[in-house]
Amino acid sequence: MTSSAPAPASATLDPANPFASPSPLPYGLPDYAAVREEHYEPAILAGMAQQRAEVEAIATDPAPPTVANTLEALERSGRLLDRALRAFDNQLSADATPGLEDVQERLAPRLAAHADALAMDARLHARATALADAAASGDLDLDAGTAYLLERLLIRMRRAGVALGAAEQERLRALNARLTILEAQFGRRLLAGANAAAVLVTDRAELDGLPEDAVAGAAAAAAARGHEGAWLLELQLPTRQGVLASLRSRDLRERVQRASESRGADGGEHDTRAIVLETARLRAERARLLGYPHHAAYVAEDATARTADAVEQMLARLAPAAVANARAEAGELEALLRATEGADAELRASDWAFLSEQVRQARFALDDAALRPYLELDRVLRDGVFEAARRLFGISLAERTDLVGYHPDVRVFEVFDSPEPGRPGEGLGLFLGDWYTRGSKRGGAWMNALVDQSHLLGERPVVVNNLNVVKPPAGEPTLLTWDEVITVFHEFGHALHGLLSDVRYPSQSGTAVPRDFVEYPSQVNEMWAWEPQVLRGFAVHHATGEPMPEQWVETMLASRQWGEGFATTEYLAAALLDQAWHRLAPEDVPTSVDEVVPFEQAALEAAGVALAAVPPRYRTTYYNHVWGSGYAAGYYSYVWSEVLDADTGEWYRERGGLARANGEAFRRRLLARGGSQDPMTSFRDLRGRDPEITPLLARRGLEA
Ligand SMILES: [Zn+2]
C-alpha cells in the first residue's frame, strides 16, 4: 500500500440513508421515493469498508475453514455494497446525471482495487484451497452447487494472480494499470478520429436518395462544426455506414467507405496502430504471466468455449457457408450494378448496402410504417411477451401501480408462479419495465438485476429491462417497429433468466453465466415473437382491432434471410480478426505500425474470409470492442450463443413448440440453474447432447 492510497472509509453510514438498511419494500425494491443522488457515494464507500471488515474477519478466523465460515460467509458479505452499487449502476445507465457520472469517475478505481484485493487475498485463497483439498480426499462432502462455487472461486483467484510471487504480482498490477490507460486512450482517439473523418458534402445534388430527415441531420451536423450551408455525413462505429443504403451517388458512397475504413490508420494524430500493438503485446505478456499461451486462451478458459481452439473451430465451420452465400449475393448485386453502370462495372464494398436494399424492396415490399400500427407496446407485452411466458413457464404478471421506480416512466410488475396472478407478496419477484428513451439513458437495450435470487439470503429477484423506444405524445399509443418487438422479447428473455433463477448462492443467480452463454436464453425468447399463436394475439391494429394480414408474416420471415451471407461474413471476419490478434505470444506481436494492416490482411486470407466487397465489420484500427473495451478475444460470443439458441429452437420445434411441458423443461434444466453448474451441463441436460451447428446454418439460410 502506498501513502497516496485513500484512507479507508468508515463502515458506518448515516441511518437516514435509504441504503443503510435492507429496503422495507416488497422484494427489497430500492425505496426510490427516498433515494437521492447524494445517497449513492457514501453508501458505496461504507459498503466497501463493511465488506473489507467482513472479509478480514473471514480471513483471520482462527477456526479451521468450513463451507459456512468461508464460502457462505463470503457470499453473505458485502450486502450494503451490493444494494447500493446495483441501484447505482442501474440508475447511471438508465437515468444518468453529471453528478452520478462524477461519482462513477471517482469510485471506479476504488471499486476495481476493492475487487482485486478480494481476489488476491492469499489468506482467503489458503482457506478455499484447504476446503478443496478436503473435498478431494473425501474428508468433506460438498453438494454440486457448493463444489462448483468453490471451483469457480479458486479459478477466479488464480486468474487474478493470487498464486504469483510478489514480483510477478507487482508486474501484473503494472500491466493491468497500463492496459486500462491504453483502452481509454484508444476509445478517445477513435472518437476524435471518427469525428475528424466525417465526410463533408458541399453539393446538395450529391445527397440524392438520402431521406429528408437524414439530409436535415447532416445539415445540422455541418452547421454545428461551422460549415453553414453544407452537409456532414458522420461516421458510425462499424465499417458499414447507414447512409450507404440510400445514397445514389457512387462517388460519394466510395468516399464515405474510404473514410470509414481508413480510421485509425492514416498516420495522423488519431492513428491507433501504436496503441493496438502495445495492447496486444501487454495482453499476451499478462496471459503468459498467468500461465496461458496467449490472451485468447486466457479468455476462453473462463467461457463456455473453454479453449481458443474450440472458438476457432466453430468459426471455421461457419465461414465457408457464409462466404459461399456472400459470393452468391454478390453475384446478384453485381448483375444489378451492371444494368446501370455498364457491363464491366465491378461491385465494391461501398455499393453493397445500396444494391442490397434495392433487392429487398423489390422482392419483399415490406414497409415499416405500415407495420407499426399493428405493434402497440402494451398489447405486445400483455398478449405477446407475458402471454408466451405464461404458456411456457406457467407464470403471470400484474402491474403494481403502488410501487415506484427510479423514473416516472418505469413500470413495476409483480411476477407470480401461477398462470393467474396471486396475492401481493406471494410472487416470484418483481419486473421493472423502462422502455422509453430519454437524454439521460445510454443507447441500446439491456437487463439489470437490482436484487439477485438466492435461497441462502432468502431473497427473491428484482430485475429491470431497459429499451430506447421513442415516447409518443401524451394519450397516444406507443407503436413499435418489428425490430423493437424482437428487442422487447429478447430483453424479457434475460429478465426470465433472472426471475426464474432457483439457486442457493447469490453469486450463481440467473444471468451469472459466461459472456458466450448469457445471450443464449434471451435469443431463444425472440422466437416466440414469430410464433403464429403468439403473433396473432399481439399483432392487432391499435385503432381498428384488425389482425395483421397473414401474408405479411410470411414476407417478414422470408426477408429475414436476405443479406445473411454478407452479415455473417462481415461478423465472422471481425471475430476471426479478434482471435488472430489475441492468439499471439508476446514476441510474435508485430513491432512496427506498418505491419498492422498487412497482419490483418494475412489473418483474413488465412481464415478464408478476405472478400474485397465484404470488409470485416470492424477493421483492426477502429475495433473498439477489442481495444477500447473488455470484449477482447470475446467477439465470437454472439454467434456462439446463437448456435445454442438455434439448436434450442430446433429442440422446441421437435416437441411441438409453445407448450407448457417444453417451457417447464427449459425453465428447470436451464433458466433455474443459472451459474450453479457448468452452463454446458445445463445445455446438455436440456438438449440431450452437445450443440450442433446445422440449425443456425438453416436459420440464416446458409445451408449448402
Ligand atoms: Zn442480450
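These figures come from a predicted structure and were not determined experimentally.

The rules behind each value
Residues numbered from 1 in each chain as written. Predicted model: local features only at pLDDT ≥ 70, side-chain atom pairs only at ≥ 80, totals over all residues. Heavy atoms only, no water. Pairing = 2+ DSSP bridges. Helix = DSSP H or I, 4+ residues; strand = E, 2+ residues; numbered from the N terminus. Axes fitted to C-alpha atoms, helices over the stretch in contact; angles between N-to-C directions. Left-handed = near helix turned anticlockwise from the far one by under 90°. Contact = heavy atoms within 4.5 Å. Nonpolar A, V, L, I, M, F, W, Y, C, P; charged D, E, K, R; others polar. Patch = residues over 30% accessible without salt bridge, like charges linked within 9 Å, V, L, I, M, F, W, Y side chains within 5 Å. Areas by Shrake-Rupley, 256 points an atom, 1.4 Å probe, with all protein chains shown as cover. Salt bridge = Lys/Arg side-chain N within 4 Å of Asp/Glu carboxyl O. Lys, Arg positive; Asp, Glu negative; His and termini not counted. Charge placed at Lys NZ, Arg CZ, Asp CG, Glu CD. 1 Å grid on protein atoms, 1.4 Å probe; cavity = no way out; pocket = protein on both sides within 12 Å on 5 of 7 lines; lining within 4 Å. Points joined across faces, edges and corners; volume = space filled by probe spheres on them. Phe/Tyr/Trp six-rings, centres within 6.5 Å; stacked < 30°, edge-to-face > 60°. Buried < 20%, exposed > 50% of the residue type's maximum accessible area, 1.4 Å probe, protein only. Lys NZ or Arg CZ within 6 Å of the ring centre and 35° of its normal. Polar contact = N/O pair within 3.5 Å; in protein donor to acceptor, adjacent residues only side chain to side chain. Arc of directions from axis to C-beta. Core = buried A, V, L, I, M, F, W, Y, C linked by side-chain atoms within 4.5 Å.

A. Quick peek at the sheet that holds strand E3 (residues 396-399). With mixed pairing, the five strands of this open sheet are ordered in space as E3-E4-E5-E7-E6. Each having just a single partner strand, E3 and strand E6 (446-451) make up the two edges of the open sheet. Direction aside, neighbouring strands of the sheet carry axes that sit 30° apart on average.

B. The packing of helix H12 (residues 308-341) against helix H20 (residues 564-582), seen in detail. Interaxial distance between H12 and H20 falls to 8 Å at its minimum, and their mutual angle equals 150°. Seen along the crossing, H12 lies across H20 with a hand that is left-handed. Contacts between H12 and H20 involve Ala 308, Val 311, Glu 312, Leu 315, Leu 318, Ala 319, Ala 322, Val 323, Asn 325, Ala 326 and Glu 329 from the former and Glu 564, Gly 565, Phe 566, Thr 568, Thr 569, Leu 572, Ala 575, Leu 576 and Gln 579 from the latter. Taken together, the residues of the contact of H12 with H20 break down into 12 nonpolar, five polar and three charged.

C. Seen up close, a negative patch on the surface. A cluster of acidic side chains, namely Glu 37, Glu 101, Asp 102 and Glu 105, defines a negative patch on the protein surface. Considering every element that reaches the negative patch, the biggest residue donor is helix H4 (residues 98-119), with three residues.

D. Up close: empty space enclosed by the protein. Here the structure, examined in full by the defined rule, presents three cavities of 30 Å³ or more. One number sums up the size of the largest cavity: a volume of about 80 Å³. Along the walls of the largest cavity sit Thr 239, Arg 240, Leu 244, Gln 257, Ala 349, Trp 352, Ala 353, Phe 566, Glu 570, Ala 613 and Pro 615, which together make up its complete lining. Sorting the residues of the lining of the largest cavity by element identifies helix H13 (349-364) and H20 as the ones contributing at least two each. The element that contributes the greatest number of residues to the lining of the largest cavity is H13, accounting for three residues. In terms of residue class, the lining of the largest cavity is built from seven nonpolar, two polar and two charged. Roughly 50 Å³ of volume is contained in the second largest cavity.

E. Highlighting the packing of H20 against helix H21 (residues 596-606). Following both chains from N to C, one finds H20 and H21 inclined at 115°, their axes separated by 10 Å at the closest point. Where H20 crosses over H21, the two elements pack in a sense that is right-handed. Residues Ala 573, Leu 577, Ala 580 and Trp 581 of H20 touch H21, and the partners they reach there are Val 596, Phe 599, Glu 600, Ala 603 and Leu 604.

F. Geometry of the packing of aromatic side chains. Scanning the model with the defined rule gives 31 aromatic pairs in all. Look at Phe 489 and Phe 538: their rings are 5.8 Å apart centre to centre, the planes differ by 45°, and that puts the pair in the tilted class. One end of the pair, Phe 489, is in helix H16 (residues 482-499); the other, Phe 538, is in helix H18 (residues 532-538), with 49 residues separating them in the sequence. With respect to burial, Phe 489 and Phe 538 carry one shared label: buried. Judged by centre distance (5.0 Å) and plane angle (75°), the rings of Trp 651 and Tyr 652 are edge-to-face. In this structure, Trp 651 and Tyr 652 share a single accessibility class: buried. Aromatic rings pair up to connect Phe 517, Tyr 520, Trp 528, Trp 651, Tyr 652, Phe 666 and Phe 683 into one cluster. The ring centre of Trp 446 lies 4.0 Å from the NZ or CZ of Arg 442, which sits over that ring.

G. How the structure looks around the side chain of Ser 77. Position of Ser 77 relative to the elements: it lies in the loop between helix H2 (67-76) and helix H3 (79-94). Of the polar contacts made by the side chain of Ser 77, one reaches the backbone oxygen of Leu 74; its length is 2.8 Å. When near neighbours in sequence (up to four residues on either side) are disregarded, Ser 77 contacts Gln 51, Glu 54 and Val 55.

H. Examining helix H25 (residues 679-687) more closely. Considered for burial, the residues of H25 that qualify are Pro 679, Met 680, Ser 682, Phe 683, Leu 686 and Arg 687. All buried residues of H25 lie within an arc of 150° about the axis, which places them on one face of the element. Check the buried side of H25 and you find it contacts helix H6 (144-159), helix H17 (515-530), helix H23 (637-654) and helix H24 (660-671). Regarding H25, its N-cap is Asp 678, as a side-chain oxygen of that residue lies 2.9 Å from the backbone nitrogen of Met 680 further along. Gly 688 lies just past H25 and shows a positive phi near 80°.

I. Geometry of the pairing of strand E5 (residues 429-436). Most of E5 sits out of view: eight of its eight residues are buried. Sheet topology note: the E5/strand E7 (residues 462-469) ladder contains six bridges and is parallel. Paired with Leu 430 across the bridge in E7 is Val 462.

J. Seen up close, the pairing of strand E4 (residues 411-416). The buried fraction of E4 amounts to five of the six residues, a majority that puts the element mostly inside the structure. Where E3 lies against E4, four bridges are found, and the strand directions are antiparallel. Each residue of the ladder has a partner; that of Leu 397, found in E4, is Val 415. One ladder, built from five bridges, connects E4 with E5; its direction is antiparallel. The residue of E5 that forms the bridge with Arg 411 is Gly 433.

K. Geometry of the environment of Gln 508. Looking at the element boundaries, Gln 508 is found in the loop between H16 and H17. You can call Gln 508 buried: its relative accessible area is 4%. When the C-alpha positions of Gln 508 and Leu 576 are compared, they lie 31 Å apart, and in sequence the two are 68 residues distant. Apart from residues lying up to four places away in sequence, Gln 508 is in contact with Gly 145, Tyr 148, Leu 149, Val 503, Arg 673, Gly 674, Gly 675 and Ser 676.

L. The nonpolar core, seen in detail. Counting residues in each nonpolar core, the largest one holds 68 residues, and the members touching the most others are Met 314, Leu 315, Leu 318, Trp 352, Trp 581, Tyr 623 and Trp 627. In terms of residue count, H12 provides more of this core than any other element does, 12 residues in total. Trp 352 has contacts with Ala 326, Glu 329, Ala 330, Leu 333, Leu 347, Phe 566, Ala 613 and Val 614, leaving out every residue within four places of it along the chain. In terms of nonpolar packing, the next biggest core, distinct from the first, is built from 63 residues, Leu 467, Leu 535, Phe 538 and Met 680 among them.

M. Region of interest: unusual backbone geometry. In this model, Tyr 27 sits at a positive phi of 65°, which is unusual for a non-glycine residue. Along the chain, Tyr 27 falls in the segment before helix H1 (37-59). In this structure Tyr 27 comes out as buried when scored by relative accessible area, which is 9%.

N. Representation of the side chain of Arg 400 in the model. Structurally, Arg 400 can be placed in the loop between E3 and E4. Overall, the relative accessible area of 13% leaves Arg 400 in the buried class. Looking at Arg 400, its side chain comes within polar contact range of the side chain of Glu 414, at 2.6 Å. If sequence neighbours within four positions are ignored, Arg 400 has contacts with Pro 26, Val 412, Phe 413, Glu 414, Pro 424 and Gly 425.

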